[in-house]
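# Notes for the structure review
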Amino acid sequence: GNSSVVMVMAPNAATDSVELLGSYLAGMRSQFDNLDPRVTDTEARLGGKLVSGRRLATRVGPVQVQQDLFVFARGESAVLVVIQGSGDTEAEIAEDRLVRKLLDESFKVVE
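The rules behind these values
- Residues numbered from 1 in each chain as written.
- Predicted model: local features only at pLDDT ≥ 70, side-chain atom pairs only at ≥ 80, totals over all residues.
- Heavy atoms only, no water.
- Core = buried A, V, L, I, M, F, W, Y, C linked by side-chain atoms within 4.5 Å.
- Buried < 20%, exposed > 50% of the residue type's maximum accessible area, 1.4 Å probe, protein only.
- Helix = DSSP H or I, 4+ residues; strand = E, 2+ residues; numbered from the N terminus.
- Contact = heavy atoms within 4.5 Å.
- Pairing = 2+ DSSP bridges.
- Axes fitted to C-alpha atoms, helices over the stretch in contact; angles between N-to-C directions.
- Phe/Tyr/Trp six-rings, centres within 6.5 Å; stacked < 30°, edge-to-face > 60°.
- Expected span 1.5 Å × (residues − 1).
- Arc of directions from axis to C-beta.

## Re the nonpolar core
By size, the foremost hydrophobic cluster in this structure holds twelve residues: Leu20, Leu21, Tyr24, Leu25, Met28, Phe32, Val39, Leu56, Leu69, Ala78, Leu80 and Val82. Listing elements by their share of this core, those giving two or more residues are helix 1 (17–31) and strand 5 (77–85). Ranked by the residues each element gives to this core, the list is headed by helix 1, at five residues. Those residues in contact with Leu69 that lie beyond four places of it in its chain are Leu21, Tyr24, Leu25, Gly53, Arg54, Leu80, Val81 and Val82. Counting residues in hydrophobic clusters, the runner-up holds eleven residues, among them Leu46, Phe70, Val79 and Ile83.

Structure (structure tokens):
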């Protein structure tokens, strides 16, 4: 499908997890400001572990867009994992479930 996207962002400079997440959320809030984005707590199973994160959700025209954000420390820096999807149709919901199942079975953070 094409409604689920997984992004991994690792800045070149030393950035701690709080700074990385805060910077990403600030950028997305400004981009979606007129769309009234909501940020809530979320969790997902990644690599067999339950991981806490933040969810950014908004509606872009007729499409519900959500990004689940998870930050992992990596040496002196951090890595941001973004799982983006839209859950407007049964097909999109099914695709999101398959992507999350794959991430649960295969995700691994290497320090």
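Let us keep going from here.
## Concerning the sheet that holds strand 5
Strand order in the open sheet formed by five strands is 1-5-4-3-2, and the pairing between neighbours is antiparallel. Taken across any chain shown, the strands that pair with only one partner, and hence form the sheet edges, are strand 1 (5–9) and strand 2 (38–46). Strand-to-strand twist of the sheet, defined as the mean angle between neighbouring strand axes without regard to direction, takes the value 25°. By the bridge criterion, nine bridges tie strand 2 to strand 3 (residues 49–60) in an arrangement that is antiparallel. When the sheet's bridge partners are listed, Asp41 is paired in strand 3 with Arg54. Packed onto the sheet, helix 1 meets strand 1, strand 2, strand 3, strand 4 (63–74) and strand 5 and runs at close to 160° relative to strand 4. Taken strand by strand, helix 2 (residues 90–106) contacts strand 1, strand 2, strand 3, strand 4 and strand 5, and its axis lies near 55° from that of strand 2.

## Quick word on the packing of aromatic side chains
To describe a pair of aromatic rings, you give the distance between the ring centres and the angle between the ring planes. Evaluated as defined, the whole model comprises one aromatic pair. Where Phe72 meets Phe107, the ring centres are 5.5 Å apart and the plane angle is 40°; that geometry is what we call tilted. Of this pair, Phe72 sits in strand 4 while Phe107 sits in the segment after helix 2, and the two are 35 residues apart along the sequence.

## Section: helix 1
When the terminal C-alpha atoms of helix 1 are compared, their 21 Å separation across 15 residues agrees well with the 21 Å that a helix rising 1.5 Å per residue should span. Within helix 1, the full set of buried residues consists of Leu20, Leu21, Tyr24, Leu25 and Met28. Along the long axis of helix 1, the arc covered by the buried residues comes to 120°, so they all point the same way. Opposite the packed face of helix 1, turned more than 90 degrees from it, sit the exposed residues Val18, Ser23 and Ser30. Tucked into the core, helix 1 has its buried residues touching strand 1, strand 2, strand 3, strand 4 and strand 5.

Geometric values such as these leave the question of function open.
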